[in-house]
Amino acid sequence: MGCGTSSVTDTRSEQVLKAALVIQNWYRGYSTRLKARQRYALTIFQSIEYADEQGQLQLSNFFSFMLENYAHIHEKDPEIVARLFGSTLQDYKDRQDYVAFVDVPNSYNGPRLQFPLTFTDIDLLVDAFKQQQILHARYVLEVLFETKKVLKQMPNFTHVKTSPSKEITICGDLHGKLDDLLLIFYKNGLPSGSNSYIFNGDFVDRGRNSIEILMILFVSFLVYPNDLHLNRGNHEDFMMNLRYGFTKEILCKYKILEDVYTWLPIGTIIDNEILVIHGGISESTDLNLLHRVERHKMKSVLMPPTPLDGDPDTSVKKKKFNATIVPQEVKTSASHSEQLTKHEWEQVIDILWSDPRGKRGCYPNTSRGGGCYFGPDITSKVLNRYQLKMLIRSHECKPEGYEICHDGKVITIFSASNYYEEGSNRGAYIKLSSGMAPRFFQYQVTRATCLRPLYQRVNAIESSAIRILRERIIARKTDLIHAFQLQDRSKSGKLSMSQWAFSMENTLGLNLPWRSLSSRLVTTDTNGDINYMSSFQDIHIQKPVKEAQSTLIETLYRYRSDLQIIFNVIDSDHSGLISVEEFRSMWKLFNSHYNIHIDDFQIDELAERMDLNKDGSIDFNEFLKAFHVVHKLDKLNKSGSGLL
């Protein structure tokens with residue numbers, strides 16, 4: 001009896017084990033597919049983000065072209081030239097000239113800072129922002145003037161020391177996400193003399209609380225200038241802010257912020273071993289030169305040095321920064337003493353914009369349009385040249401909040417969780433001390449009391465990614481149809497998967513896994529051929545004027561961000577209005593520069609129709625808002641659907 005019972009028990013145990021293995025294998029496969037879908041979604045977000053940055057960099061080319069060809073701008077508002085290519089618009093000699101006239105009313109119930117600042121003010125500010133209070137403009141101005149004054153005394157690279165008993169915490173991009181900063185302080189403590197921090201650039205843009213983050217960081221810096229260190233990122237730049245972050249009103253109100261950006265240090269060196277910079281390096285990175293460069297002359301990384309008569313760096317008529325060309329004929333009030341040389345400018349661009357890659361060598365960063373890609377051999381070469389052991393950088397969103405590459409010599413740290421969408425990525429920070437390996441701390445901000453299951457989070461991220469990708473597709477509808485028809489020689493309305501993917505990649509310029517994405521974007525027949533017109537199903541661009549041609553509508557929608565920035569620059573009186581004649585002139589320049597084939601009469605007719613009260617002016621912001629994508633049938637929220 002005993003032996004029989006043992007045999008039955010063994011058989012059942014074996015069956016249970018087999019069942020457990022089947023379930024385990026199924027779950028592993030299911031989890032792998034979910035992770036792949038999440039990875040594809042993040043690839044979409046990142047590709048579109050980098051394409052937008054590339055478009056932003058190309059804008060500087062247009063501004064040069066505009067100043068060459070739009071002569072009456074010089075007569076109407078000569079400050080535009082100084083704003084785009086000069087050093088600073090105003091000399092802030094005495095802050096009392098600006099601050100003294102801003103009164104704080106008795107009715108103000110927000111935080112009241114006491115100068116000179118102390119730890120109490122940091123605590124006060126953090127608590128106030130937790131409660132969504134607003135810091136009065138007078139205090140903002142005071143903090144900005146004080147910050148600029150202290151930053152001007154600092155070197156380009158801050159050298160800091162750690163010890164086994166004194167760690168330093170390194171945070172990456174925050175991008176206006178206040179909740180992440182507050183969570184870091186909750187987990188790791190507020191800055192103090194015994195709790196040092198490095199914030200590695202991109203404090204602002206994209207998130208809703210850029211000014212709050214700046215105020216907390218600047219006040220903390222003023223209280224602990226030897227223990228809180230700020231590095232400049234590529235978004236500490238007024239031109240980048242115009243597209244991604246601060247409203248025009250904030251930039252106008254706190255114009256000194258442009259100056260503060262230029263005085264931010266460009267890097268930190270820890271224990272003479274670890275280089276901390278925002279972007280990366282190139283094969284020509286010269287840390288000795290970067291230590292000497294007059295960093296405040298880099299007003300905007302998007303505005304290359306203006307060639308001047310007799311400039312030894314401009315022996316040819318035009319100079320390129322990837323897609324950016326600066327014409328030699330542009331004249332400004334700038335002189336050699338007010339701007340960087342071309343070589344110095346390129347050095348700063350590389351450390352703010354570059355990204356590491358697994359491929360050896362150094363080659364152009366075609367995704368962003370600025371900086372370079374650098375391989376493991378470049379990392380070793382530059383680190384060895386300056387007797388350094390490691391490079392810590394930020395600049396790229398990583399699913400886990402950090403990533404280690406180049407044989408452990410490069411660490412990317414990114415501190416804005418949920419960067420693209422809730423659940424899209426974790427945030428992280430690093431703690432370092434002399435002689436110890438880096439320690440990584442991850443987190444993810446959530447307002448839910450219970451984290452949603454993985455499949456729900458992936459569905460939400462994927463749906464959002466597909467949605468913005470479809471908006472990119474509809475903005476190029478005419479170009480895509482032309483590309484499809486070139487491939488469709490039989491006029492069947494169908495293409496093979498490879499033909500469709502080739503057309504999408506070539507037209508949109510997005511390096512995406514189109515084959516895997518096809519199930520979410522198009523319909524296929526039983527043979528696997530794609531009905532290419534289904535690429536545009538259930539989505540269209542709203543026409544503010546019904547008679548407007550589709551090509552014109554697509555073009556205005558595609559370039560709406562660029563047009564908004566251009567308008568913000570030329571709108572010197574901040575009225576939000578542009579004359580019909582000025583609109584026509586600006587569009588003709590834009591049209592010729594970007595080689596856009598839109599007949600002038602279409603623009604003329606559209607401008608006339610958008611002048612609603614017939615007073616000869618157009619509310620340009622409302623004009624651009626009129627162009628928006630309508631998703632007629634949103635299939636993205638259906639649960640259970642996926643890329644795989």
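Keep in mind the model is a prediction, meaning the values are calculated, not measured.

1. Some words on the confidence of the model for the chain
Per-chain confidence: the chain averages 81 in pLDDT, with 76% of residues scoring 70 or above. Contacts for the low-pLDDT stretch residues 312-336, under 50 throughout, to residues beyond four places or in other chains number 69 contacts. Within the model, pLDDT remains below 50 along residues 633-644, and this stretch shows 32 contacts once partners closer than five positions in the same chain are excluded.

2. Notes on unusual backbone geometry
Looking along the chain, the bond that leaves Phe115 and enters Pro116 is cis, with omega of 0 degrees. Topologically, Pro116 is positioned in the loop between helix 4 (96-99) and helix 5 (119-130). Although it is not a glycine, His395 adopts a positive phi angle of roughly 80 degrees. Tracing the backbone shows His395 in the loop between strand 12 (390-393) and strand 13 (402-405).

3. Quick notes on the sheet that holds strand 2 (residues 168-171)
Strand order across the open sheet formed by five strands is 4-3-2-15-16, with mixed pairing between neighbours. With partners counted over all chains shown, the strands left at the sheet margins are strand 4 (228-230) and strand 16 (439-443), one partner each. Between one strand and the next, the sheet's axes are offset by a mean angle of 20 degrees, whatever the strand orientation.

4. Let's talk about the packing of aromatic side chains
Evaluation of the coordinates by the stated rule reveals 15 aromatic pairs. Taken together, the aromatic side chains of Phe45, Phe414, Tyr419 and Tyr420 make up a single cluster linked through ring pairs.

5. Observations regarding the side chain of Ser47
Within the element layout of this structure, Ser47 appears in helix 1 (residues 2-69). Apart from the residues lying within four places of it in its own chain, the contact partners of Ser47 are Leu510, Asn511 and Leu512.

6. Quick notes on the pairing of strand 2
On a regular strand, each side chain points to the face opposite its neighbour's, so the side chains alternate between the two faces of the sheet. Of the two faces of strand 2, the one lined by Ile168 and Ile170 and the one lined by Thr169 and Cys171 are each fully buried. Sheet topology note: the strand 2/strand 3 (residues 196-199) ladder contains four bridges and is parallel. By the bridge assignment for strand 3, Cys171 is matched with Phe199. Handedness of the crossover is the feature at issue here: the chain leaves strand 2, passes through helix 7 (residues 178-188), returns alongside strand 3, and the resulting connection is right-handed. Sheet analysis places strand 2 next to strand 15 (residues 427-432), joined by four bridges and oriented antiparallel. Bridged to Ile168 within strand 15 is Leu432.

7. Considering the nonpolar core
In terms of nonpolar packing, the biggest core is built from 53 residues, with Leu135, Leu144, Phe199, Phe203, Met215, Phe218 and Leu230 touching the most fellow members. Looking at this core, the elements with two or more residues in it are helix 5, helix 6 (137-151), helix 7, strand 3, helix 8 (210-223), strand 4 and helix 11 (256-263). A total of eleven residues in this core trace back to one element, the largest contributor, which is helix 8. Setting aside residues up to four positions removed in sequence, Leu230 forms contacts with Phe199, Phe203, Leu217, Phe218, Phe221, Leu264 and Pro265. Among the nonpolar cores identified, the runner-up in size contains 35 residues, and Tyr420, Ile461, Ile466 and Met497 belong to it.

8. Notes on the pattern of salt bridges
Where charged atoms from two side chains of opposite charge come close, those side chains can pair. This structure, assessed with the given rule, holds 24 salt bridges. One salt bridge connects Arg476 with Asp479, and the closest N-O pair in it is separated by 2.9 Å. Looking at Asp479, the relative accessible area reads 32%, which means it is partly exposed. The network of salt bridges with common partners includes Asp355, Arg357, Arg368, Arg393, Glu396, Lys398 and Glu403.

9. So, the sheet that holds strand 17 (residues 494-495)
The three strands are arranged 17-19-18 in an open sheet whose pairing can be described as antiparallel. Both outer strands of the open sheet, strand 17 and strand 18 (523-524), are each paired with one neighbouring strand and no more. Here strand 17 runs beside strand 19 (residues 530-531); their pairing, made up of two bridges, is antiparallel. When the sheet's bridge partners are listed, Leu495 is paired in strand 19 with Ile530.

10. Here we look at the environment of Ile274
Note on placement: Ile274 falls in strand 6 (residues 274-276). Put simply, Ile274 and Leu383 are 109 residues apart on the chain and 9.0 Å apart in space, counted from C-alpha to C-alpha. Setting aside residues up to four positions removed in sequence, Ile274 forms contacts with Thr268, Ile269, Leu388, Met390, Ile392 and Leu432.

11. Focus: the environment of Glu142
Structurally, Glu142 is set in helix 6. The exposure class of Glu142 is buried, given its relative accessible area of 9%. With 27 residues separating them along the chain, Glu142 and Phe115 place their C-alpha atoms 8.8 Å apart.

12. Here's the deal with the packing of helix 17 (residues 497-508) against helix 18 (residues 514-521)
Between helix 17 and helix 18, the shortest axis-to-axis distance is 10 Å and the interhelical angle comes to 95 degrees. Looking at the two axes, helix 17 sits roughly perpendicular to helix 18. Seen from helix 17, the contacting residues are Met497, Ser498, Trp500, Ala501, Met504, Glu505 and Leu508; seen from helix 18, they are Trp514, Arg515, Ser518 and Leu521. Per-class residue counts for the contact of helix 17 with helix 18 are seven nonpolar, two polar and two charged.

13. A short note on helix 17
Taking 1.5 Å per residue, twelve residues should reach 16 Å; helix 17 reaches 16 Å between its end C-alpha atoms and fits that length. Those residues of helix 17 that fall on the buried side of the exposure criterion are Met497, Trp500, Ala501, Ser503, Met504, Thr507 and Leu508. Along the long axis of helix 17, the arc covered by the buried residues comes to 160 degrees, so they all point the same way. Looking at the buried positions of helix 17, the neighbouring elements they touch are helix 15 (454-475), helix 16 (477-487), strand 17, helix 18 and strand 19. Gly509 occupies a position one or two residues after helix 17 and carries a positive phi of about 70 degrees.

14. A word on the side chain of Thr147
Mapped onto the fold, Thr147 is located in helix 6. Here Thr147 falls in the buried class, since its relative accessible area comes to 0%. Within polar-contact distance, the side chain of Thr147 engages the backbone oxygen of Val143 at 2.7 Å. Each residue touching Thr147, except ones within four places of it in the same chain, is listed here: Phe218, Phe221, Leu222 and Val260.

Cut-offs applied
- Residues numbered from 1 in each chain as written.
- Predicted model: local features only at pLDDT ≥ 70, side-chain atom pairs only at ≥ 80, totals over all residues.
- Heavy atoms only, no water.
- pLDDT = per-residue confidence, 0-100.
- Contact = heavy atoms within 4.5 Å.
- Helix = DSSP H or I, 4+ residues; strand = E, 2+ residues; numbered from the N terminus.
- Pairing = 2+ DSSP bridges.
- Axes fitted to C-alpha atoms, helices over the stretch in contact; angles between N-to-C directions.
- Phe/Tyr/Trp six-rings, centres within 6.5 Å; stacked < 30°, edge-to-face > 60°.
- Buried < 20%, exposed > 50% of the residue type's maximum accessible area, 1.4 Å probe, protein only.
- Right-handed = clockwise from strand over helix to strand, strands pointing away.
- Core = buried A, V, L, I, M, F, W, Y, C linked by side-chain atoms within 4.5 Å.
- Salt bridge = Lys/Arg side-chain N within 4 Å of Asp/Glu carboxyl O.
- Parallel < 35°, antiparallel > 145°, perpendicular 65-115°, else oblique.
- Nonpolar A, V, L, I, M, F, W, Y, C, P; charged D, E, K, R; others polar.
- Expected span 1.5 Å × (residues − 1).
- Arc of directions from axis to C-beta.
- Polar contact = N/O pair within 3.5 Å; in protein donor to acceptor, adjacent residues only side chain to side chain.

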